[in-house]
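Reading the structure
One letter stands for each residue in the lines below.
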Amino acid sequence: MSVRRRSVQWMVILQIREGALGGDQKYKDVEGVVKIEEVDGEELVKKFAEEMEEMLGRKMKSVKRLAEAAEDADLYHEYNDTMEFDYYNSMLINTVDEDGNPVPLGGEFPLEENEHFNKLPVNTQQSNIQVPTNVYNRDPDIVNGVFMSEALNDVFIDNFQKDPTLTWQYFGSATGFFRLYPGIQWIPDENGVVTFDARNRNWYIQAATSPKDVVIVVDVSGSMKGLRLTIAKHTINTILDTLGENDFVNIIAYSDYVRYVEPCFKGTLVQADLDNREHFKLLVEELHVKGEGKVKNAMKESFKILNEVSYSTGSLCNQAIMLITDGAMEDFQDVFEEFNWPERRVRVFTYLIGREMTFAENVKWIACNNKGYYTHISTLADVQENVMEYLHVLSRPMVINHDHDIIWTEAYMDSVLFNTQAQSLLLMTSVAMPVFSKKKETLSHGILLGVVGTDVALRELMRLAPRYKYKEGKKLKPKPNYNSVDLSEVEWEDTEERLRTAMVKGETGTLSLDVRTSVDKGRRAMFLKNDYFYTILNETPFSLGIVLTRGYGQYIFTGNVSVEEGLHDLLAPDLTIASEWTYCETDIDPAHRKLSQLQAVVRYLTGKEPDLECDMQLLQQTLFDAVVTAPMEAYWTALMLNTSGMEDGVETAFLGTRSGLMRFQRLFLSLPRSFLTSTDKENMFTLDHFPVWYRRAAEYPAGQFLYYMPRQDTRGIGDAFTEQTHTHTWTQKTFFVLFLYPIFSLYVLLCLLFSLLLIFYFLCLCLFLSPQDIDCYVIDNNGFVLISKQRNDVSSHTHTHTHTHTHTHSHSDIERISSPPSPASLSVTNKMSLLHCYTPSFIFQTSRHDPYLSLLASAHKKKGDILQPCDTEYPSFVYEPSVKETNSIIKCGRCQKMFVVQQIPESNLLMLVIQADCDCSRQMHEKPLLPLLLLLDSAVHNASVKCDRMRSQKIRRRPESCHAYHPQENANDCGGASFISLSASLFFICLSFSALVS
């Protein structure tokens, strides 16, 4: 019977030893110029840090030039409230009216697709202006600000010429407009609305103000019903949007009594990170009105919270209370006398909700006597601009003192910056700097003009620490709404958080850990000994850490060959290099941006582009690898020409080296076309990881064969194949030669003969010679079925008690959870349990105490996809290699069956034979899977765990500066006409009205 007709094909990754396939001769030809170098982790992290500091330093210089230019332009600009100035509005450019004429603030604005800016059409000669829909684009403040900031155009262009790696540069004005370079066409949402407001962005907020501790106090008495409550909720959410990672917050609601919107946060502040802010927003939506508003107790509670703030529960910088109410009718002056006067350490900002002005003077008095600001919000449209006033007040001390602090934001996944086709979900950080008015006549008012900044994609930093120089640590795949992930949730084996603490404190040092890491999207576990090297990036809030894995990660194999010989082999049709790596910097000169990395390397080495900046160490390694692996092409070509060999089912041969070089020869066309292409990220060298087959082979013992079943989404329909790997060893592991090869082929390489004959024997035994009363499987060391009588079994999971049970972890801020996996793919067990259930289609084992089960059961109860915070513990299995053979009995309902497991020599495979005359499928139908997926349904337990998580405050590096006070500040500028004192007659009127209402 033809194996191909049965669609049972295997991919074999071989670890080729010295002497195989001509590699030995080629190695001897260059042996005199090769050497093995041990990687010095301390020197490596130091070198990377210096390069990153230099790159980040260029960004900071660009931002400083922008800030200076903006302040000088404002200094010499004379405000004109009747000014008319036509500027390029990014929503209106290149738009015409019904008569074909350019619309106002539009006009012709040339755009050209640019590779450097995500292939977005841009204008690198001009910036343009975005104005939120809720801001009038002809307002005098807008027009004057736009006119003044025209001076930034030349600086934008000059910065970009000095540093071609710069991306977006911008100026966010305090009046609401956003100047962006290069200019783009801004696309509104489906309703024609642009909600983006630069003043809500983290880079703006962090640059405009120092860290702050905020208590939001909201009136939920009966008078706040209807539209007033809606406006109040929107006001709270808008305030929350102005908070960032360095701020702390809590929300109190009051009527007849005081209550925390989140009881878990009673009496304390919590970090205003994305999770907590979104949690507060959900709770605010549930607020209802009832009773009489008594603000006095709420204010007392707020002051108590702020007075008890400690280093771990607050910023210890600015402190503020945000009072949202439709009126204050009590005698509240004694509260401020007790808690806030005379220092007035806590600023109080008041927001009067609704059109009623009866109690406006009371609300003004509270703000003006506590260094705050009063605003009146009568409609939803008023909320944004009125909330922003508090940022201007908090920025006064910094502005008056002219403290130009440069800030760096935390890493974030930018999903809303442009809301255009520019969106590519890049993980990035932003560097920003405040812009102040230097006019002497307004000095005491501390006028903030806005914030300038630029973005730095983290992939640019990663390019300065290329993968070929060290072994990557755990890969983190962020979700689209990713904000930040704590280091302790990635390197979770560091249970004492020694690594995290040292890096947060900006220390330089080393640390070693035994770690378990997952590959193949969590399906398989690897056990590694990692050495961590870390140091601070000076002039930034960042620390850099790299990971070297003991063994493979400790050494680099280098050799010199001539450029002519290397170029000849580099241009072979079967060769590619990692397209996402930076062999040569193509982003500096616009003329180079359309070059692929291979094209850039060739043009540099041939002298056609001598100005290219290239990594010479990486190029030397790549040329050497190309020369040494060149004989493989001839061998593969011969194999293709051998028709008898093709009939034996050879599919594809490929190899990879540490330099990112791959040789690939498709010998038969049955594999899906996506395999080992740019879309097959898991099996290719990418910016943030080595291929799965490469990583597994690197950590596997030299001299043995590793068989690997690729994931289902990389296989053709009806085709099953495996990979087998072998390491080519010259004193140390150096590079990997990989083949797709049929296990049952009669045309085999001499070095594979023994192993393949054994596999062929087990294949025949399993598929053709095993009697009907037994089930036969060949499984790998992670418990996945490679050979079975039943096609559906292939790539499913089987478990025996000879496997060691371990767990790997994954964290995501928000994880999309769908239905649980099918039973054939479940891998949940307890290492102490001997309860196994087998059916012809799948084999699995369950545990009542596995947290993964709870996750699955929780997901199963909900229809459709949901978004929720997720910490996932993945059960994994690794066969204990010291067990060569074992057997046991499995109890299955009223019968029992025997199984035997035997290790297949020189491989990661095992032969599993099970008695088939005891049917477990009936037991499985009687006891379906879901009852075994027990969920911890104790609401109290879940709430407690959630509360502890949200309240927890890990050690963190705080901003180095705090600007909370300046003696020259004009506190009388508080939103009212002037400083207000509470008169006895007004107070009497308030009490009288209160009595009438009650």
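Before reading further, recall that the structure is shown in the block above.
Our subject in this report is the structure included herewith. Keep in mind the model is a prediction, meaning the values are calculated, not measured. (Residues numbered from 1 in each chain as written. Predicted model: local features only at pLDDT ≥ 70, side-chain atom pairs only at ≥ 80, totals over all residues. Heavy atoms only, no water.)

What follows concerns the overall build of the protein. Helix and strand content of the protein: 25 helices and 39 strands. Looking at the protein as a whole, 57% of its 998 residues are labelled buried. A fraction of 73% describes how many contacts in the protein between residues 6 or more apart in sequence connect residues 24 or more apart. Counting only carbon and sulfur atoms, one obtains 52% of the accessible surface of the protein, whose full area is about 42800 Å². (Helix = DSSP H or I, 4+ residues; strand = E, 2+ residues; numbered from the N terminus. Buried < 20%, exposed > 50% of the residue type's maximum accessible area, 1.4 Å probe, protein only. Contact = heavy atoms within 4.5 Å. Areas by Shrake-Rupley, 256 points an atom, 1.4 Å probe, with all protein chains shown as cover.)

Where helix H6 (residues 227-241) contacts helix H11 (residues 383-401), the axes come no closer than 10 Å and their chain directions differ by 45 degrees. In terms of their interaxial angle, H6 and H11 are classed as oblique. Handedness of the H6/H11 crossing: right-handed. Here H6 contributes Ile231, His234, Thr235, Thr238 and Ile239 to the contact with H11, which in turn contributes Val383, Gln384, Val387 and Tyr390. Partitioned by chemical class, the residues of the contact of H6 with H11 number five nonpolar, four polar and no charged. (Axes fitted to C-alpha atoms, helices over the stretch in contact; angles between N-to-C directions. Parallel < 35°, antiparallel > 145°, perpendicular 65-115°, else oblique. Left-handed = near helix turned anticlockwise from the far one by under 90°. Nonpolar A, V, L, I, M, F, W, Y, C, P; charged D, E, K, R; others polar.)

Turning to the state of the cysteines, a few remarks are in order. Per the stated rule, a full pass over the model turns up three disulfides. Across a sulfur-sulfur distance of 1.9 Å, Cys317 and Cys962 are joined as a disulfide pair. The sign of the 105 degrees torsion about the S-S bond sets the Cys317-Cys962 disulfide as right-handed. Taken together, the residues span a long stretch of sequence, with Cys317 in the loop between helix H8 (295-307) and strand E12 (318-325) and Cys962 in the loop between helix H24 (939-951) and helix H25 (984-997) at a distance of 645 residues. Looking at Cys317, the relative accessible area reads 13%, which means it is buried. The class for Cys962 is partly exposed, based on a relative accessible area of 41%. With its sulfur 2.0 Å from that of its partner, Cys584 forms a disulfide with Cys614. Of note, the bridge from Cys584 to Cys614 carries an S-S torsion of about 105 degrees and is right-handed in sense. On the criterion of sequence distance, the pair formed by Cys584 in strand E24 (residues 584-585) and Cys614 in strand E25 (residues 613-614) is long-range, its members being 30 residues apart. Exposure remark for Cys584: the relative accessible area of 0% places this residue in the buried category. (Disulfide = S-S within 2.5 Å.)

If you trace the five strands from one edge of the open sheet to the other, you get E32-E31-E39-E38-E37, paired in antiparallel fashion. Either end of the sheet is taken by a strand with one partner, and the two such strands are strand E32 (785-788) and strand E37 (885-892). The average undirected angle you get between the axes of adjacent strands in this sheet is 25 degrees. Of the pairings in the sheet, the one linking strand E38 (residues 895-903) to strand E39 (residues 909-915) comprises five bridges and is antiparallel in character. Counted as the bridge partner of Val900 is Val913 from E39. (Pairing = 2+ DSSP bridges.)

Now for the sheet that holds strand E21 (residues 543-549). The strand order across the open sheet formed by three strands is E19-E20-E21, and the pairing between neighbours is antiparallel. With partners counted over all chains shown, the strands left at the sheet margins are strand E19 (509-519) and E21, one partner each. Shown here is a sheet whose adjacent strand axes are inclined to one another by a mean of 35 degrees, direction ignored. The pairing of strand E20 (residues 524-536) with E21 spans seven bridges and is classified as antiparallel. Directly across from Asp531, in E21, lies its bridge partner Leu548. In this fold helix H2 (residues 41-75) packs onto E19, E20 and E21, with an angle of close to 145 degrees to the strand it touches most, E21.

Okay, the pattern of salt bridges next. Summed over all chains, the structure comprises 26 salt bridges. As a salt-bridge pair, Arg58 and Asp163 come within 3.5 Å of each other at their nearest N and O atoms. Pair noted here: Arg58 is in helix H2 and Asp163 is in the loop between helix H4 (152-162) and strand E6 (169-173), with a separation of 105 residues, a long-range link. One connected set of salt bridges, linked through shared partners, spans Glu54, Arg58, Lys59 and Asp163. (Salt bridge = Lys/Arg side-chain N within 4 Å of Asp/Glu carboxyl O.)

What follows concerns unusual backbone geometry. Across the junction of Tyr181 and Pro182, the peptide omega takes the value -5 degrees, indicating a cis bond. At the junction of Trp341 and Pro342, the peptide bond is cis and its omega measures out at 5 degrees in the coordinates. Examined against the element boundaries, Pro342 turns out to sit in the loop between helix H9 (333-339) and strand E13 (347-353). The backbone of His402 sits at a positive phi, close to 55 degrees, despite the residue not being glycine. Relative to the helices and strands, His402 is located in the loop between H11 and strand E15 (407-408). Phi angles above zero are rare outside glycine, and Glu497 is one such case at about 55 degrees.

Glancing now at a negative patch on the surface. Judged by side-chain charge, Glu38, Asp40, Glu42, Glu43 and Glu50 come together as a negatively charged surface patch. Position of Glu42 among the secondary structure elements: in helix H2. (Patch = residues over 30% accessible without salt bridge, like charges linked within 9 Å, V, L, I, M, F, W, Y side chains within 5 Å. Lys, Arg positive; Asp, Glu negative; His and termini not counted. Charge placed at Lys NZ, Arg CZ, Asp CG, Glu CD.)

Time to look at the packing of aromatic side chains. In the structure shown here, the tally under the stated rule is 31 aromatic pairs. Residues Phe117 and Trp168 carry aromatic rings whose centres are separated by 4.9 Å and whose planes lie at 55 degrees to one another, so their mutual orientation is tilted. Here the residue Phe117 occupies a position in the loop between strand E3 (112-114) and strand E4 (120-122), and Trp168 occupies one in the loop between H4 and E6, the gap between them amounting to 51 residues. Each member of the pair, Phe117 together with Trp168, is buried. Between Phe654 and Trp693, the ring centres sit 5.1 Å apart and the planes meet at 65 degrees, which makes this aromatic pair edge-to-face. Separated by 39 residues along the polypeptide, Phe654 in strand E26 (residues 652-656) and Trp693 in helix H19 (residues 692-698) bring together distant segments of the chain. Its relative accessible area of 1% is what places Trp693 among the buried residues. Each residue in the set Trp581, Tyr583, Phe654, Phe685, Phe690, Trp693 and Tyr694 is aromatic and connected to the rest through ring pairs, giving one cluster. (Phe/Tyr/Trp six-rings, centres within 6.5 Å; stacked < 30°, edge-to-face > 60°.)

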